[in-house]
Amino acid sequence: MELKHRWATTHNFLAGLTAGSWWRLLRENRFAVSPAYWHRAAFITFASIMNSASRIREESRFGEEVDATEVSRHPVFILGHWRSGTTHLHNLLCQDRERFAFPNTYQVVNPHTFLTSEEVNTRRFARLVPDKRPMDNMKLGFGEPQEDEFAPALATLLSPYFGVAFPRREEHYERYLTFEGVPEAELAAWKASFLRFIRKLTLKNGGRILLLKSPAHTARIRILLELFPEARFVHIHRHPHDVFRSFLHYYDTAAWFSYLQVPDLSLIHISEPTRRTIPSRMPSSA
């Protein structure tokens, strides 16, 4: 089986883990990293050690200030299924930078360290970030708007996104989409982590309204309202056949950069003849 992008270490949000969280993630998955991706795990290990050292510096410098930061202006959340246009809408609304602030790519994959490291590292490593996302033609860069799901995920390991890296336990991580049936302690940990990230963004951006987007939040509106009772929501939708086609393309492109286990392609593969029979639009009479 061809393993696309096998040697790539870019486009992998796991590089934002600290050493303790990385060890815990490996232990939870019984260290079952496929040999084909050992080099990727080694890269994450190195990055996690650097992240841990940087986190100590950031907590020492900004910890008390972050704790004291009030989120007086509650966020606006963009919701919608994956591949329905949430990123495009987020990018458009983020053009209003007098009214809104937003988490960028660097901040969401470095939630523990961005207050102290962003200015230097975004210049130092700018060439390592491709200009476009692998699954579409959307612009990519450290300073571009990015979905916030990665930040609490890296801090708590409670996210369906880890099911991409460890597809053998995808069902285990899927429960963190809605948090239904999970222990109260895990939900409390996610809430605390997300709120702390929002406080850091508020501190960074001088109190402007945060414009956030994550398709996963579509299943968490009640939880978000518990944290931010005055939050507002914008929902976008797209024809389901287009979403399905786009999701197939995502798994055939971007997902390959995050695997730590060789995936079972029979679970996501649709042959080209079958793909061509899927209409792009429903009949007008439907």
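What counts as what
Residues numbered from 1 in each chain as written. Predicted model: local features only at pLDDT ≥ 70, side-chain atom pairs only at ≥ 80, totals over all residues. Heavy atoms only, no water. Patch = residues over 30% accessible without salt bridge, like charges linked within 9 Å, V, L, I, M, F, W, Y side chains within 5 Å. Areas by Shrake-Rupley, 256 points an atom, 1.4 Å probe, with all protein chains shown as cover. Salt bridge = Lys/Arg side-chain N within 4 Å of Asp/Glu carboxyl O. Helix = DSSP H or I, 4+ residues; strand = E, 2+ residues; numbered from the N terminus. Pairing = 2+ DSSP bridges. Contact = heavy atoms within 4.5 Å. Axes fitted to C-alpha atoms, helices over the stretch in contact; angles between N-to-C directions. Expected span 1.5 Å × (residues − 1). Buried < 20%, exposed > 50% of the residue type's maximum accessible area, 1.4 Å probe, protein only. Nonpolar A, V, L, I, M, F, W, Y, C, P; charged D, E, K, R; others polar. Core = buried A, V, L, I, M, F, W, Y, C linked by side-chain atoms within 4.5 Å. pLDDT = per-residue confidence, 0-100.

## Some remarks on a nonpolar patch on the surface
Working step 1: Together, Phe46, Ile49 and Met50 make up a nonpolar patch on the protein surface, roughly 310 Å² of accessible area in all.
Working step 2: Mapped onto the fold, Met50 is located in helix α2 (residues 38–68).

## Some words on the sheet that holds strand β2 (residues 100–101)
Working step 1: Overall, parallel pairing links the four strands, which are arranged β2-β3-β1-β4 in an open sheet. Looking at which strands have only one partner, the edges of the open sheet turn out to be β2 and β4 (232–235).
Working step 2: The strands touched by helix α3 (residues 86–93) are β1 (76–79), β2, β3 (209–213) and β4; relative to β3, the strand with the most contacts, the crossing angle is about 165 degrees.
Working step 3: Set on the sheet, helix α9 (residues 184–204) makes contact with β1 and β3; between it and β3 the angle comes to about 130 degrees.

## Some thoughts on α9
Working step 1: In this model α9 runs 30 Å from its N-terminal to its C-terminal C-alpha over 21 residues, within 8% of the 30 Å that 1.5 Å per residue would give.
Working step 2: Taken together, the buried positions of α9 are Leu187, Trp190, Lys191, Ser193, Phe194, Phe197, Ile198, Lys200, Leu201 and Thr202.
Working step 3: Once α9 finishes, Gly206 follows within two positions and takes phi at roughly 65 degrees, a positive value.

## Thoughts on the packing of helix α1 (residues 19–28) against α2
Working step 1: Direction vectors running N to C along α1 and α2 enclose 145 degrees, while the axes themselves pass 7 Å from each other. Judged by residue contacts, Ala19, Gly20 and Trp22 of α1 engage Ala41, Ile44, Thr45, Ser48, Ile49 and Ser52 from α2.
Working step 2: When grouped by side-chain class, the residues that make up the contact of α1 with α2 number five nonpolar, four polar and no charged.

## Quick notes on the nonpolar core
Working step 1: Core analysis: the largest hydrophobic core is formed by 57 residues, its most contacted members being Leu14, Leu25, Phe194, Ile198 and Leu260.
Working step 2: Broken down by element, the residue count for this core peaks at six residues, all from α9.
Working step 3: Those residues in contact with Leu25 that sit more than four places away from it in its chain are Leu14, Leu17, Leu157, Phe162, Phe166 and Tyr173.
Working step 4: If you look at the next biggest cluster of nonpolar residues, it comprises eight residues, including Ile78, Leu89, Ile209 and Leu211.

## Comments concerning the pattern of salt bridges
Any two side chains of opposite charge can pair if their charged atoms end up close together.
Working step 1: Overall, the coordinates contain 14 salt bridges when judged by the stated rule.
Working step 2: Arg83 is the salt-bridge partner of Asp136, the closest N and O atoms lying 3.2 Å from each other. Remark: Arg83 occurs in the loop between β1 and α3 and Asp136 occurs in the loop between α5 (114–124) and α6 (150–156); sequence separation between them is 53 residues.
Working step 3: Assessed through its relative accessible area of 17%, Arg83 is described here as buried.
Working step 4: Each of Glu59, Asp67 and Arg196 takes part in salt bridges that share partners, so that together they form one network.

## Structural notes on the confidence of the model for the chain
Working step 1: When pLDDT is averaged across the chain, the result is 92; 93% of the residues are at 70 or more.
Working step 2: Every residue in residues 282–286 scores below 50 in pLDDT, and together they form two contacts with partners more than four places removed in sequence or on other chains.

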